[in-house]
Number of protein chains: 2
Amino acid sequence: MTRQTQSDNCKAVAQHFLLPEAEISLWPAWLAEPDAETLLTTLAAELSWRQEQIRIYGKTVNIPRQQVWMGEPHCSYQYSGVRFAPSSWHPAVQQLVAVVSNTINRPLNCVLLNLYASGQDHMGWHADNEPELGVAPVIASLSLGATRRFDLQHRTQGHQLQLQLENGSLLVMAGKCQQHWQHRLPKQSRVAAPRLNLTFRYIAPPI
Amino acid sequence: MTRQTQSDNCKAVAQHFLLPEAEISLWPAWLAEPDAETLLTTLAAELSWRQEQIRIYGKTVNIPRQQVWMGEPHCSYQYSGVRFAPSSWHPAVQQLVAVVSNTINRPLNCVLLNLYASGQDHMGWHADNEPELGVAPVIASLSLGATRRFDLQHRTQGHQLQLQLENGSLLVMAGKCQQHWQHRLPKQSRVAAPRLNLTFRYIAPPI
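This text gives an overview of the structure that appears in the document. (Residues numbered from 1 in each chain as written. Chains lettered and ligands numbered in written order. Predicted model: local features only at pLDDT ≥ 70, side-chain atom pairs only at ≥ 80, totals over all residues. Heavy atoms only, no water.)

### Brief notes about the relation of the copies chain B and chain A
Then step 1. For the pair chain B and chain A, the relating rotation is 180 degrees, the translation along its axis is 0.0 Å, and the fit reaches an RMSD of 0.0 Å. With respect to symmetry, the two chain copies, as superposed, fit the operation of a two-fold axis.
Then step 2. Of the interface residues in chain B, 100% have counterparts in chain A that sit at the interface too, so the contact is made through matching surfaces. (Least-squares fit on C-alpha atoms with pLDDT ≥ 70 in both. Contact = heavy atoms within 4.5 Å.)

### Comments concerning a nonpolar patch on the surface
Then step 1. A grouping of Ile56(A), Tyr57(A) and Val61(A) is seen on the molecular surface, where their side chains present a nonpolar patch of about 360 Å² in accessible area.
Then step 2. Within the element layout of this structure, Ile56(A) appears in strand β3 (residues 53-56). (Patch = residues over 30% accessible without salt bridge, like charges linked within 9 Å, V, L, I, M, F, W, Y side chains within 5 Å. Areas by Shrake-Rupley, 256 points an atom, 1.4 Å probe, with all protein chains shown as cover. Salt bridge = Lys/Arg side-chain N within 4 Å of Asp/Glu carboxyl O. Helix = DSSP H or I, 4+ residues; strand = E, 2+ residues; numbered from the N terminus.)

### Some remarks on the nonpolar core
Then step 1. Membership of the largest hydrophobic core comes to 52 residues, with the highest contact counts inside it found for Leu19(A), Ile24(A), Leu152(A), Leu19(B), Ile24(B) and Leu152(B).
Then step 2. If near-sequence neighbours (up to four positions away) are discounted, Leu152(A) is found in contact with Ile24(A), Trp125(A), His159(A), Gln160(A), Leu161(A), Leu163(A), Met173(A), Cys177(A), Trp181(A), Gln182(A) and His183(A). (Core = buried A, V, L, I, M, F, W, Y, C linked by side-chain atoms within 4.5 Å. Buried < 20%, exposed > 50% of the residue type's maximum accessible area, 1.4 Å probe, protein only.)

### Details of the sheet that holds strand β14 (residues 181-185) of chain A
The pairing of strands in a sheet happens through backbone hydrogen bonds and is either parallel or antiparallel.
Then step 1. Read from one edge of the open sheet, eight strands run β9(A)-β14(A)-β11(A)-β12(A)-β12(B)-β11(B)-β14(B)-β9(B), paired in antiparallel fashion. The open sheet has two edge strands, β9 (123-126) of chain A together with β9 (123-126) of chain B, and neither has a second partner. Direction aside, the axes of adjacent strands within the sheet are offset by 15 degrees on average.
Then step 2. Both strand β11 (residues 148-154) of chain B and strand β14 (residues 181-185) of chain B contribute to a ladder of four bridges, which runs antiparallel. (Pairing = 2+ DSSP bridges. Axes fitted to C-alpha atoms, helices over the stretch in contact; angles between N-to-C directions.)

### Here's the deal with the pairing of strand β13 (residues 170-174) of chain A
Residue and element names in this part refer to chain A.
Then step 1. By the criterion of burial, β13 is predominantly enclosed, with five of the five residues buried.
Then step 2. A two-sided burial pattern is seen for β13, the buried positions comprising Leu-170, Val-172 and Ala-174 on one face and Leu-171 and Met-173 on the other.
Then step 3. Across five bridges, strand β2 (residues 22-27) lies against β13 in antiparallel orientation. In the strand pairing of β13, Ile-24 is matched with Met-173.
Then step 4. Summarising the sheet, strand β10 (residues 139-145) and β13 pair through four bridges and their orientation is antiparallel. Paired with Ala-140 across the two strands is Val-172, which belongs to β13.

### Overview of helix α2 (residues 91-104) of chain B
Side chains that are three or four residues apart share a direction in an α-helix, a result of its 3.6 residues per turn.
Residue and element names in this part refer to chain B.
Then step 1. For α2, built from 14 residues, the straight-helix expectation of 20 Å at 1.5 Å per residue is met to within 8% by its first-to-last C-alpha distance of 21 Å.
Then step 2. Buried within α2 we find Ala-92, Val-93, Leu-96, Val-97, Val-100, Ser-101 and Ile-104. Taken around the axis of α2, the buried residues stretch over an arc of 160 degrees, which confines them to a single face. Away from its buried face by more than 90 degrees, α2 exposes Pro-91 and Asn-102. (Expected span 1.5 Å × (residues − 1). Arc of directions from axis to C-beta.)

Below, the structure written as structure tokens:
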């Protein structure tokens, strides 16, 4: 797998969106298209995807996507009150995390992978503001497969940014983004193809 | 009429949105609310509003808003193939143009005023890219009345920014915004109250 350099493709130049209390960067073609497709196929087939369940109004429902939590052994992940230990690194992901970390010049040691089988799968408004991520976490999200819309909304001002996340693109959310903005991946019923995304994070090891 | 200073209201601090090929600034409470309301009432009553007509597919239809074009005598305005001479300055607008010009540190000498009677009135995707405005025009838009959503969309990348334009807010579009982005004021059928906006521009005088 080779990451595109600027000389490979002019689209690999980052686009920056400096918003009130958030810094967003997007590399539209961070991975070359064939590499992104191969990676999607590999990860979709080789990981142990789980469709978590949550309780809403006393009913147990499946969340509208499949997930895998992966990373260093100390990186546990809490979801709907349940704590999950991380899966060990898949070799392709372990290779990726180092390259992403190098691109954004920050340490990364865990990743939440989301598999959206079609445009029906989605994720509602939320922020990646778990305490273990620290006060102003940098989240790097690599998209593989179908282009999906990604929305960011300021919590109090109501302003919204809608980005198109294409196959192979790398999105970075930094600054106070997780504190003052929420984000979501809305339903897009016309999208038939799957999208897989890897959201890389850093959790400080225990002292 | 008094423009709010930072000491009057902390919301008068500008919010900046630096986007690929566009620089957007928003002063949410540039005019104090009562001043904005008085100005709306005055201008709605005292200007000669026109509902222009355009031809679409051979039919003549009213555009979904009312307009006034105002400014220095040399600032003529072309719309749907017809050239309009500017109205002379209304005293309240003439006073405003100097203050807006001072805020954005740019000359301004003409203004398109739009009156949206309700959320049914709107303006479709377009850019303020008339040749007489120059290559990278700075457009300053003062909003009075009902809060309306304002959308900006990149012409090729598809990214969108949606802002909430409140009573008394001043929006400035600069950089290559008019070249690479389009903007619109979408229909919002739940909005019953009117909105009036003044979009200040600069047209260089003939040599």
